[in-house]
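Below, each chain spelled out in residue letters.
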Amino acid sequence: MKGKSLISINDLTKEDFLRIIDLAEKYQNNSKEYENKLIGKIVALLFFEPSTRTRLSFETAVLKMGGKVIGFDDPSSSSVQKGESLKDTILTISQYCDLIIIRHPLEGSARWASEVTTIPVINAGDGSNQHPTQCLLDLYSIKKTQNTLENLSIMLVGDLKYSRTVHSLIMALAHFNPTFYLISPNELKLPFEYKMFLKERSIRYYESSNVNDFIDLVDIMYVTRVQRERFSDPVEYEKVKNSYVIKSDLLVNTKNNLRILHPLPRVNEISEDVDFTDKAYYFQQALNGVYVRMALISLIFDLV
Amino acid sequence: MEQKKELVVSAIKDGTVIDHIPAKVLFKVLSILELENIDSPITIGNNLRSEKLGKKGIIKIAGKFPDKNVLNKIALFAPLAKINIIKNYEVVEKKIVELPDVIEGIVKCINPKCITNHENMKTFFYVIDKNNVALKCKYCEKITTQENLKIIG
């Protein structure tokens with residue numbers, strides 16, 4: 001991965017996933033492994049739309065390794081406001097830094113940025129297209145909670161039609177012989193193209209609109225929000241909205257190793273009483289994001 | 001009778017004849033071929049009677065043999081088009097068109113939020129289905145199909 005950009009989860013091989021996850025684990029277990037690795041390096045964080053959580057996670061990752069950050073998180077204060085093209089912005093900022101981390105509302109912007117500059121680019125979210133480091137931290141969290149990525153039963157709950165994180169997770173986990181339980185309202189089922197992908201790879205999947213159906217079988221429950229604006233018929237939303245709220249009494253007969261993940265921010269899809277059970281893992285998941293980003297940056301700079 | 005039919009679009013001595021273009025896509029095919037820079041005679045016919053297509057278009061380019069990659073792009077709109085290479089009034093080679101693996105430029109990405117629709121840059125697609133024409137944008141990763149295919153410009 002030396003000197004390479006990370007734009008899409010589809011750019012990574014199974015070996016890449018494992019290398020990043022192993023290194024993240026090594027870093028999380030021993031700060032000596034990463035301290036001062038980025039001394040003398042400047043990383044530009046270019047956030048053309050706000051995303052506080054992602055920006056702080058990347059910034060923390062760079063600072064923990066001794067690097068420095070420059071950048072912006074409000075494009076109205078940058079030259080974009082004056083009508084500068086993305087290409088010109090990237091070419092200019094490339095003169096100042098060793099790595100660009102970009103978040104942009106337009107889809108494909110990160111790929112374009114990586115083509116106009118010679119320095120590596122990490123995609124921190126391009127519209128509804130890709131957010132590969134979110135997927136990496138999801139994988140790392142699954143590995144940490146289950147001690148393996150192979151042969152797991154994964155329940156995906158909520159909005160499976162539009163959720164970028166769900167789609168990326170399916171693509172990434174496909175390398176590890178998973179069984180998927182796809183739980184969503186009818187209007188928000190997993191799109192046909194992803195089901196075709198699963199069929200082509202002979203990956204088992206089961207669909208239902210009821211969370212209770214498979215909950216006793218799964219190792220991971222990955223929850224996303226069911227949003228009102230996704231429904232063409234508001235009555236349909238009212239009918240189903242409470243069926244996708246995870247409450248602690250739902251977890252009574254689940255496997256001991258079950259862990260609940262969520263890309264955050266949570267609104268009401270996991271009730272707060274779940275937070276105090278040992279099945280809740282979503283806040284640790286956020287911390288894992290820092291280590292996985294550190295590992296990725298190290299591999300790009302070939303500092304391992 | 002046969003002679004008269006042939007002369008609807010005049011014969012060429014040497015060059016390329018692109019035949020069996022559905023009449024309704026002839027002008028789209030012309031825009032792909034970038035013929036404006038060719039200075040040898042070009043004859044274009046449209047709405048000619050065709051047993052297979054009902055109405056067809058035909059393009060005859062004298063003295064030129066366009067690049068295979070350019071000709072293959074015709075398959076975006078006219079997958080059944082036939083290419084005849086003419087030398088000394090004889091057809092010396094017949095070719096069918098086949099979509100290339102990638103399409104650079106020409107086609108607009110269907111996704112209004114795709115960066116290619118906002119920056120001054122070339123579009124780029126991977127052809128993921130050659131028979132039904134499905135193009136995956138290298139940038140936004142969305143799929144443009146034949147029904148919503150638009151030519152740039």
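Residues numbered from 1 in each chain as written. Chains lettered and ligands numbered in written order. Predicted model: local features only at pLDDT ≥ 70, side-chain atom pairs only at ≥ 80, totals over all residues.

Considering the overall build of chain A
Helices and strands together make up the secondary structure of chain A, namely nine helices and nine strands. Looking at the 304 residues of chain A, the share that counts as buried comes to 45%. Here the analysis covers contacts within chain A between residues at least 6 apart in sequence; of these, 74% occur between residues at least 24 apart. (Helix = DSSP H or I, 4+ residues; strand = E, 2+ residues; numbered from the N terminus. Buried ≥ 20, exposed ≤ 12 C-beta atoms within 10 Å, placed from the backbone. Contact = placed C-beta atoms within 7 Å.)

Considerations on the nonpolar core
As a rule of thumb, soluble globular proteins bury nonpolar side chains together. I100(A), I101(A) and I74(B) are the most contacted members of the largest nonpolar core, which has 123 residues in total. Sort the elements by how many residues they give to this core and helix α9 (residues 282-300) of chain A lands first, with nine residues. I100(A) has contacts with A44(A), L46(A), I90(A), I93(A), S94(A), A113(A), T117(A), I119(A) and V121(A), leaving out every residue within four places of it along the chain. (Core = buried A, V, L, I, M, F, W, Y, C linked by C-beta atoms within 7 Å.)

A look at the sheet that holds strand β9 (residues 134-137) of chain B
Residues and elements named next belong to chain B. Pairing in this open sheet of four strands is antiparallel, and the strands run β6-β8-β9-β10 from one edge to the other. At either margin of the open sheet sits one strand with a lone partner, and together these are β6 (102-104) and β10 (143-145). The mean inter-strand angle of the sheet, taken between neighbouring strand axes irrespective of direction, is 30 degrees. Alignment of β6 against strand β8 (residues 124-129), held across three bridges, turns out to be antiparallel. (Pairing = 2+ DSSP bridges. Axes fitted to C-alpha atoms, helices over the stretch in contact; angles between N-to-C directions.)

Some points on the sheet that holds strand β6 (residues 179-183) of chain A
All names here are of chain A. Reading across from one edge, β7-β6-β5-β8-β9 is the order of the five strands in this open sheet, with parallel pairing throughout. Lying at the two open borders of the sheet, with one neighbouring strand each, are β7 (204-208) and β9 (259-261). Averaged over all pairs of adjacent strands, the angle between strand axes in this sheet comes to 20 degrees, irrespective of strand direction.

A few points about unusual backbone geometry
Residues and elements named next belong to chain A. Here L264 and P265 are connected by a cis peptide whose omega angle stands at 5 degrees. Along the chain, P265 turns up in the loop between β9 and α9. In this structure, N36 is a non-glycine residue whose phi angle is positive, near 65 degrees. Along the chain, the position of N36 falls in the loop between α1 (14-29) and β1 (42-47). For N36, a count of 10 C-beta atoms within 10 Å puts it in the exposed group.

A word on the domain arrangement of chain A
Residues and elements named next belong to chain A. Split by domain assignment, chain A resolves into domain 1 (9-130 + 289-300) and domain 2 (133-286). Using only C-alpha atoms to locate each centre, domain 1 and domain 2 end up separated by 27 Å. Between domain 1 and domain 2, the contact holds 16 residues from the first and 14 residues from the second. At the level of secondary structure, the elements contributing two or more residues to the side of domain 1 that touches domain 2 comprise α1, β4 (121-126) and α9. It is α1 that contributes the most residues to the side of domain 1 that touches domain 2, five residues altogether. Tallied by class, residues from the side of domain 1 that touches domain 2 come to nine nonpolar, four polar and three charged. (Domains from an automatic or database assignment. Nonpolar A, V, L, I, M, F, W, Y, C, P; charged D, E, K, R; others polar.)

Observations concerning the packing of helix α2 (residues 52-64) of chain A against α9(A)
Residues and elements named next belong to chain A. Between α2 and α9, the shortest axis-to-axis distance is 8 Å and the interhelical angle comes to 60 degrees. Relative to α9, α2 is oriented oblique. Crossing of α2 over α9 shows right-handed handedness. Residue-level contacts link S57, F58, T60, A61, V62 and K64 of α2 to G289, V290, R293, M294 and I297 of α9. (Parallel < 35°, antiparallel > 145°, perpendicular 65-115°, else oblique. Left-handed = near helix turned anticlockwise from the far one by under 90°.)

As for α9(A)
All names here are of chain A. For α9, which comprises 19 residues, the first-to-last C-alpha distance of 27 Å matches the rise-based estimate of 27 Å (1.5 Å per residue) to within 8%. Buried residues dominate α9, accounting for 14 of its 19 residues. Once α9 ends, the next one or two residues include D302, with phi positive near 55 degrees. (Expected span 1.5 Å × (residues − 1).)

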